[in-house]
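Residues per chain, in single letters:
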Amino acid sequence: MIVIACSNGKVIGKKLAKHLKAGYSELFKELFPDGEVHLRFECHLREKTVILVQSLSPRPNEMLVELIFAIETAKELGASKVIVVAPYLCYARQDKRFHFGEVVSNRIVGKLLEVAGADEFYTVAAHLHRVDDISKLLTSIKGANVAIPEEMAAWVKKKFGANVVIVGPDVESHRVGRKVAELVGVKYDTFLKKRISGSRIKHTAIANVDARGKHAVIIDDIVSTGGTMLGAAKHLKKMGAKSVSALVVHLMTEAGGKKLLQGGFKFVACSNSIPSKYSVLDASKALAKAIKLNA
Ligand code: R5P
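In this report, the structure presented in the accompanying data block is examined.

1. With respect to empty space enclosed by the protein
Then, in step 1: Enumeration according to the criterion identifies 2 cavities of 30 Å³ or more in this entry.
Then, in step 2: The volume enclosed by the largest cavity comes to roughly 40 Å³.
Then, in step 3: Every residue along the wall of the largest cavity is listed here: L89, C90, Y91, A92, N106, V109, G110, L113, I134, L137 and L138.
Then, in step 4: The volume enclosed by the second largest cavity comes to roughly 30 Å³.
Then, in step 5: As for the second largest cavity, its lining consists of N8, G9, V11, I12, V53, S55, P87, N272, S273 and P275.

Next up, the structure:
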(Lines give C-alpha, C1' and ligand atoms only; values in the text may rest on other atoms or scores of the structure.)
Protein backbone atom coordinates (compact mmCIF):
# COMPACT_ATOMS: atom_id res chain seq x y z
CA MET A 1 0.00 0.00 0.00
CA ILE A 2 1.30 3.45 -0.85
CA VAL A 3 -0.04 6.89 -0.06
CA ILE A 4 0.60 9.41 -2.82
CA ALA A 5 -0.04 13.05 -2.05
CA CYS A 6 -1.20 15.23 -4.90
CA SER A 7 -0.17 18.89 -4.71
CA ASN A 8 -2.81 19.79 -2.13
CA GLY A 9 -2.69 16.60 -0.09
CA LYS A 10 0.70 16.65 1.57
CA VAL A 11 -0.29 17.59 5.14
CA ILE A 12 -2.88 14.84 5.57
CA GLY A 13 -1.09 12.44 3.19
CA LYS A 14 2.05 12.19 5.35
CA LYS A 15 0.02 11.57 8.51
CA LEU A 16 -2.23 9.05 6.77
CA ALA A 17 0.78 7.03 5.60
CA LYS A 18 1.97 6.81 9.22
CA HIS A 19 -1.44 5.75 10.55
CA LEU A 20 -1.76 3.10 7.83
CA LYS A 21 1.90 2.03 8.02
CA ALA A 22 2.07 2.56 4.25
CA GLY A 23 4.75 3.97 1.97
CA TYR A 24 4.60 7.65 1.01
CA SER A 25 5.34 9.50 -2.19
CA GLU A 26 4.30 12.74 -3.85
CA LEU A 27 2.95 13.34 -7.30
CA PHE A 28 5.31 15.56 -9.26
CA LYS A 29 3.51 18.59 -10.64
CA GLU A 30 4.40 21.61 -12.66
CA LEU A 31 2.37 24.05 -14.67
CA PHE A 32 2.99 24.55 -18.36
CA PRO A 33 3.18 28.19 -19.43
CA ASP A 34 -0.43 28.03 -20.63
CA GLY A 35 -1.63 26.84 -17.21
CA GLU A 36 -2.11 23.15 -18.05
CA VAL A 37 -0.77 20.70 -15.48
CA HIS A 38 2.11 18.31 -16.10
CA LEU A 39 1.99 15.40 -13.65
CA ARG A 40 4.24 12.40 -13.00
CA PHE A 41 4.23 9.51 -10.54
CA GLU A 42 7.72 8.98 -9.15
CA CYS A 43 7.27 5.43 -7.87
CA HIS A 44 6.04 2.09 -9.21
CA LEU A 45 2.35 1.38 -8.73
CA ARG A 46 1.96 -2.10 -10.27
CA GLU A 47 -0.23 -4.35 -8.13
CA LYS A 48 -0.26 -1.87 -5.29
CA THR A 49 -3.18 -0.32 -3.43
CA VAL A 50 -2.67 3.36 -4.13
CA ILE A 51 -4.17 6.00 -1.85
CA LEU A 52 -4.34 9.36 -3.62
CA VAL A 53 -4.76 12.32 -1.28
CA GLN A 54 -5.95 15.65 -2.60
CA SER A 55 -7.89 18.40 -0.86
CA LEU A 56 -10.15 20.05 -3.42
CA SER A 57 -9.69 23.60 -2.14
CA PRO A 58 -8.20 26.16 -2.68
CA ARG A 59 -8.25 26.29 -6.50
CA PRO A 60 -10.87 23.52 -6.83
CA ASN A 61 -10.81 23.38 -10.63
CA GLU A 62 -7.06 22.85 -10.83
CA MET A 63 -7.07 20.38 -7.92
CA LEU A 64 -9.93 18.37 -9.36
CA VAL A 65 -8.30 18.04 -12.78
CA GLU A 66 -5.05 16.93 -11.12
CA LEU A 67 -6.90 14.30 -9.09
CA ILE A 68 -8.90 12.95 -12.05
CA PHE A 69 -5.71 12.68 -14.14
CA ALA A 70 -3.92 10.95 -11.24
CA ILE A 71 -6.70 8.37 -10.68
CA GLU A 72 -6.86 7.36 -14.32
CA THR A 73 -3.07 7.21 -14.64
CA ALA A 74 -2.62 5.17 -11.46
CA LYS A 75 -4.95 2.57 -13.00
CA GLU A 76 -3.06 2.66 -16.32
CA LEU A 77 0.21 2.11 -14.44
CA GLY A 78 -1.17 -1.07 -12.88
CA ALA A 79 -2.44 -0.07 -9.43
CA SER A 80 -4.64 -2.89 -8.17
CA LYS A 81 -6.88 -0.49 -6.28
CA VAL A 82 -7.15 3.30 -6.18
CA ILE A 83 -8.48 4.80 -2.98
CA VAL A 84 -9.20 8.52 -3.16
CA VAL A 85 -9.02 10.68 -0.05
CA ALA A 86 -10.31 14.22 -0.59
CA PRO A 87 -10.36 15.83 2.87
CA TYR A 88 -12.41 18.66 1.37
CA LEU A 89 -14.86 17.75 -1.38
CA CYS A 90 -15.45 20.68 -3.72
CA TYR A 91 -18.68 21.55 -5.53
CA ALA A 92 -20.84 19.77 -2.95
CA ARG A 93 -22.76 22.92 -2.00
CA GLN A 94 -24.53 23.21 -5.34
CA ASP A 95 -26.72 20.21 -4.63
CA LYS A 96 -29.91 21.53 -6.17
CA ARG A 97 -31.08 23.62 -9.11
CA PHE A 98 -31.94 26.71 -7.06
CA HIS A 99 -32.54 28.78 -10.22
CA PHE A 100 -33.52 27.79 -13.74
CA GLY A 101 -30.73 26.31 -15.82
CA GLU A 102 -28.15 25.98 -13.03
CA VAL A 103 -25.55 23.22 -13.02
CA VAL A 104 -25.98 20.78 -10.12
CA SER A 105 -22.29 20.17 -9.55
CA ASN A 106 -22.19 17.70 -6.66
CA ARG A 107 -23.37 14.72 -8.70
CA ILE A 108 -21.14 15.61 -11.64
CA VAL A 109 -18.03 15.55 -9.44
CA GLY A 110 -19.13 12.17 -8.08
CA LYS A 111 -19.50 10.82 -11.62
CA LEU A 112 -16.10 12.16 -12.68
CA LEU A 113 -14.38 10.34 -9.79
CA GLU A 114 -16.15 7.11 -10.62
CA VAL A 115 -15.52 7.28 -14.35
CA ALA A 116 -11.83 8.04 -13.76
CA GLY A 117 -11.58 4.72 -11.91
CA ALA A 118 -11.65 5.42 -8.16
CA ASP A 119 -12.43 2.22 -6.25
CA GLU A 120 -13.07 3.87 -2.89
CA PHE A 121 -13.65 7.46 -1.79
CA TYR A 122 -13.20 9.15 1.60
CA THR A 123 -13.87 12.72 2.58
CA VAL A 124 -14.46 14.79 5.72
CA ALA A 125 -17.74 16.52 6.60
CA ALA A 126 -18.97 16.75 3.02
CA HIS A 127 -21.65 19.36 2.56
CA LEU A 128 -24.63 17.01 2.29
CA HIS A 129 -27.59 19.22 3.05
CA ARG A 130 -30.11 17.83 0.63
CA VAL A 131 -28.38 14.50 0.01
CA ASP A 132 -28.42 12.30 3.07
CA ASP A 133 -25.44 10.10 2.24
CA ILE A 134 -22.23 10.23 0.22
CA SER A 135 -23.34 6.99 -1.52
CA LYS A 136 -25.92 9.09 -3.40
CA LEU A 137 -23.10 11.00 -5.07
CA LEU A 138 -20.86 8.00 -5.69
CA THR A 139 -23.22 5.22 -6.56
CA SER A 140 -20.87 2.45 -7.62
CA ILE A 141 -17.94 2.78 -5.21
CA LYS A 142 -17.69 2.43 -1.47
CA GLY A 143 -16.24 4.92 0.95
CA ALA A 144 -17.22 7.20 3.78
CA ASN A 145 -17.99 10.73 4.78
CA VAL A 146 -15.92 11.01 7.95
CA ALA A 147 -16.77 13.20 10.93
CA ILE A 148 -14.35 14.48 13.56
CA PRO A 149 -16.50 15.15 16.65
CA GLU A 150 -13.92 13.76 19.10
CA GLU A 151 -11.24 16.14 17.82
CA MET A 152 -13.68 19.07 17.97
CA ALA A 153 -14.89 18.19 21.46
CA ALA A 154 -11.31 17.87 22.73
CA TRP A 155 -10.57 21.38 21.44
CA VAL A 156 -13.65 22.86 23.15
CA LYS A 157 -12.81 21.17 26.48
CA LYS A 158 -9.20 22.29 26.31
CA LYS A 159 -10.12 25.91 25.62
CA PHE A 160 -13.18 26.38 27.85
CA GLY A 161 -13.72 23.43 30.16
CA ALA A 162 -17.41 23.25 31.04
CA ASN A 163 -18.27 26.97 30.99
CA VAL A 164 -19.42 26.80 27.40
CA VAL A 165 -22.49 26.67 25.17
CA ILE A 166 -22.37 25.15 21.72
CA VAL A 167 -24.61 26.39 18.94
CA GLY A 168 -25.06 25.87 15.23
CA PRO A 169 -25.54 28.89 12.95
CA ASP A 170 -28.25 27.15 10.89
CA VAL A 171 -30.42 24.10 11.12
CA GLU A 172 -28.26 21.94 8.85
CA SER A 173 -25.18 22.48 11.02
CA HIS A 174 -26.56 20.08 13.63
CA ARG A 175 -24.90 17.28 11.65
CA VAL A 176 -21.54 18.62 12.79
CA GLY A 177 -22.28 20.26 16.13
CA ARG A 178 -24.79 18.08 17.95
CA LYS A 179 -22.40 15.18 18.55
CA VAL A 180 -19.67 17.57 19.72
CA ALA A 181 -22.02 19.08 22.32
CA GLU A 182 -22.95 15.57 23.43
CA LEU A 183 -19.28 14.69 23.91
CA VAL A 184 -18.58 17.91 25.80
CA GLY A 185 -21.74 17.34 27.84
CA VAL A 186 -23.45 20.68 27.21
CA LYS A 187 -26.74 21.85 25.73
CA TYR A 188 -27.00 22.43 22.01
CA ASP A 189 -29.30 24.31 19.68
CA THR A 190 -29.18 26.02 16.32
CA PHE A 191 -30.22 29.36 14.90
CA LEU A 192 -32.51 29.64 11.92
CA LYS A 193 -30.70 31.23 9.00
CA LYS A 194 -32.04 32.94 5.93
CA ARG A 195 -29.54 33.81 3.21
CA ILE A 196 -30.66 37.07 1.61
CA SER A 197 -27.75 37.17 -0.84
CA GLY A 198 -24.26 35.66 -1.16
CA SER A 199 -22.98 37.71 1.77
CA ARG A 200 -26.16 38.96 3.53
CA ILE A 201 -27.53 36.65 6.17
CA LYS A 202 -30.40 36.94 8.62
CA HIS A 203 -30.54 34.87 11.79
CA THR A 204 -33.42 34.43 14.18
CA ALA A 205 -32.57 34.04 17.83
CA ILE A 206 -32.63 30.71 19.56
CA ALA A 207 -34.56 29.95 22.69
CA ASN A 208 -32.91 26.88 24.04
CA VAL A 209 -29.43 27.95 25.04
CA ASP A 210 -28.63 30.16 27.99
CA ALA A 211 -25.47 31.93 26.87
CA ARG A 212 -25.29 34.37 29.79
CA GLY A 213 -21.75 34.52 31.19
CA LYS A 214 -20.64 31.56 29.10
CA HIS A 215 -18.15 31.13 26.30
CA ALA A 216 -20.10 30.41 23.10
CA VAL A 217 -18.65 28.16 20.41
CA ILE A 218 -20.38 28.23 17.03
CA ILE A 219 -19.82 24.99 15.15
CA ASP A 220 -20.35 24.61 11.41
CA ASP A 221 -18.99 22.58 8.53
CA ILE A 222 -17.71 25.55 6.52
CA VAL A 223 -16.63 29.15 6.88
CA SER A 224 -16.41 30.86 3.54
CA THR A 225 -17.15 34.61 3.66
CA GLY A 226 -17.70 34.50 7.43
CA GLY A 227 -21.16 36.06 7.09
CA THR A 228 -22.95 33.12 8.71
CA MET A 229 -20.67 33.12 11.76
CA LEU A 230 -20.75 36.90 12.20
CA GLY A 231 -24.55 36.95 12.06
CA ALA A 232 -24.86 34.25 14.72
CA ALA A 233 -22.20 35.91 16.90
CA LYS A 234 -24.18 39.15 16.99
CA HIS A 235 -27.10 37.32 18.58
CA LEU A 236 -24.94 35.41 21.03
CA LYS A 237 -23.40 38.65 22.28
CA LYS A 238 -26.90 40.10 22.75
CA MET A 239 -27.78 36.92 24.62
CA GLY A 240 -24.99 37.69 27.09
CA ALA A 241 -22.20 35.38 25.91
CA LYS A 242 -18.84 36.13 27.54
CA SER A 243 -17.00 35.36 24.30
CA VAL A 244 -17.74 33.84 20.91
CA SER A 245 -15.47 31.45 19.01
CA ALA A 246 -15.76 29.66 15.68
CA LEU A 247 -15.00 25.97 15.30
CA VAL A 248 -15.37 24.56 11.80
CA VAL A 249 -14.21 21.61 9.80
CA HIS A 250 -13.34 23.55 6.65
CA LEU A 251 -12.07 27.12 6.65
CA MET A 252 -12.12 28.04 2.96
CA THR A 253 -9.70 30.97 3.19
CA GLU A 254 -7.40 32.49 5.78
CA ALA A 255 -9.09 35.81 5.00
CA GLY A 256 -12.32 34.33 6.40
CA GLY A 257 -10.52 33.50 9.66
CA LYS A 258 -9.00 36.98 9.86
CA LYS A 259 -12.40 38.59 9.27
CA LEU A 260 -13.88 36.67 12.19
CA LEU A 261 -11.05 37.65 14.53
CA GLN A 262 -11.38 41.28 13.45
CA GLY A 263 -15.13 40.94 14.06
CA GLY A 264 -14.50 40.11 17.70
CA PHE A 265 -14.22 36.32 17.73
CA LYS A 266 -12.01 35.00 20.52
CA PHE A 267 -10.72 31.95 18.62
CA VAL A 268 -11.08 30.60 15.09
CA ALA A 269 -10.22 26.93 14.73
CA CYS A 270 -10.56 24.47 11.88
CA SER A 271 -9.23 21.11 10.71
CA ASN A 272 -6.35 20.43 8.35
CA SER A 273 -8.76 19.43 5.56
CA ILE A 274 -7.73 22.76 4.03
CA PRO A 275 -4.43 23.51 5.75
CA SER A 276 -3.95 27.03 7.10
CA LYS A 277 -2.62 28.80 10.18
CA TYR A 278 -6.01 28.17 11.81
CA SER A 279 -5.81 24.36 11.35
CA VAL A 280 -5.59 22.91 14.84
CA LEU A 281 -7.63 19.73 14.37
CA ASP A 282 -6.24 16.70 12.58
CA ALA A 283 -8.59 14.72 10.35
CA SER A 284 -6.07 12.04 9.31
CA LYS A 285 -6.76 9.64 12.19
CA ALA A 286 -10.48 9.52 11.44
CA LEU A 287 -9.78 9.02 7.73
CA ALA A 288 -7.33 6.17 8.45
CA LYS A 289 -9.89 4.50 10.71
CA ALA A 290 -12.55 4.64 7.99
CA ILE A 291 -10.17 3.20 5.38
CA LYS A 292 -9.22 0.35 7.72
CA LEU A 293 -12.88 -0.42 8.43
CA ASN A 294 -13.54 -0.99 4.70
CA ALA A 295 -10.38 -3.04 4.10
C1 R5P B 1 -24.03 26.59 4.55
O2 R5P B 1 -25.02 25.93 4.49
C3 R5P B 1 -22.78 26.14 5.22
O4 R5P B 1 -23.00 25.14 6.14
C5 R5P B 1 -22.08 27.30 5.84
O6 R5P B 1 -22.89 27.84 6.85
C7 R5P B 1 -21.79 28.35 4.81
O8 R5P B 1 -21.17 27.78 3.67
C9 R5P B 1 -20.89 29.41 5.37
O10 R5P B 1 -20.69 30.40 4.40
P11 R5P B 1 -20.31 31.88 4.78
O12 R5P B 1 -19.11 31.83 5.67
O13 R5P B 1 -20.02 32.51 3.46
O14 R5P B 1 -21.49 32.51 5.43
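2. Thoughts on the sheet that holds strand β1 (residues 2-5)
Then, in step 1: Ordered in space as β2-β1-β5-β6-β7-β8, the 6 strands form an open sheet in which the pairing is parallel. A single partner strand is all that each edge strand has here, and the edge strands are β2 (23-26) and β8 (142-146). Taking each pair of neighbouring strands and ignoring which way they run, the sheet shows an average axis angle of 15 degrees.
Then, in step 2: The pairing of strand β5 (residues 49-53) with strand β6 (residues 81-86) spans 5 bridges and is parallel. Each bridged residue has a counterpart across the sheet, and for I51 the counterpart in β6 is I83.
Then, in step 3: Strands β5 and β6 of the sheet are contacted by helix α2 (residues 60-76), whose axis makes an angle of about 165 degrees with β6.

3. Observations concerning the environment of K179
Then, in step 1: Here K179 shows up in helix α5 (residues 174-184).
Then, in step 2: A relative accessible area of 38% places K179 in the partly exposed class.
Then, in step 3: For the pair K179 and I148, spaced 31 residues apart in sequence, the C-alpha separation works out to 9.5 Å.

Parameters at a glance
- Residues numbered from 1 in each chain as written.
- Predicted model: local features only at pLDDT ≥ 70, side-chain atom pairs only at ≥ 80, totals over all residues.
- Heavy atoms only, no water.
- 1 Å grid on protein atoms, 1.4 Å probe; cavity = no way out; pocket = protein on both sides within 12 Å on 5 of 7 lines; lining within 4 Å.
- Points joined across faces, edges and corners; volume = space filled by probe spheres on them.
- Pairing = 2+ DSSP bridges.
- Helix = DSSP H or I, 4+ residues; strand = E, 2+ residues; numbered from the N terminus.
- Axes fitted to C-alpha atoms, helices over the stretch in contact; angles between N-to-C directions.
- Contact = heavy atoms within 4.5 Å.
- Buried < 20%, exposed > 50% of the residue type's maximum accessible area, 1.4 Å probe, protein only.

All we've got here are geometric facts, nothing functional implied.
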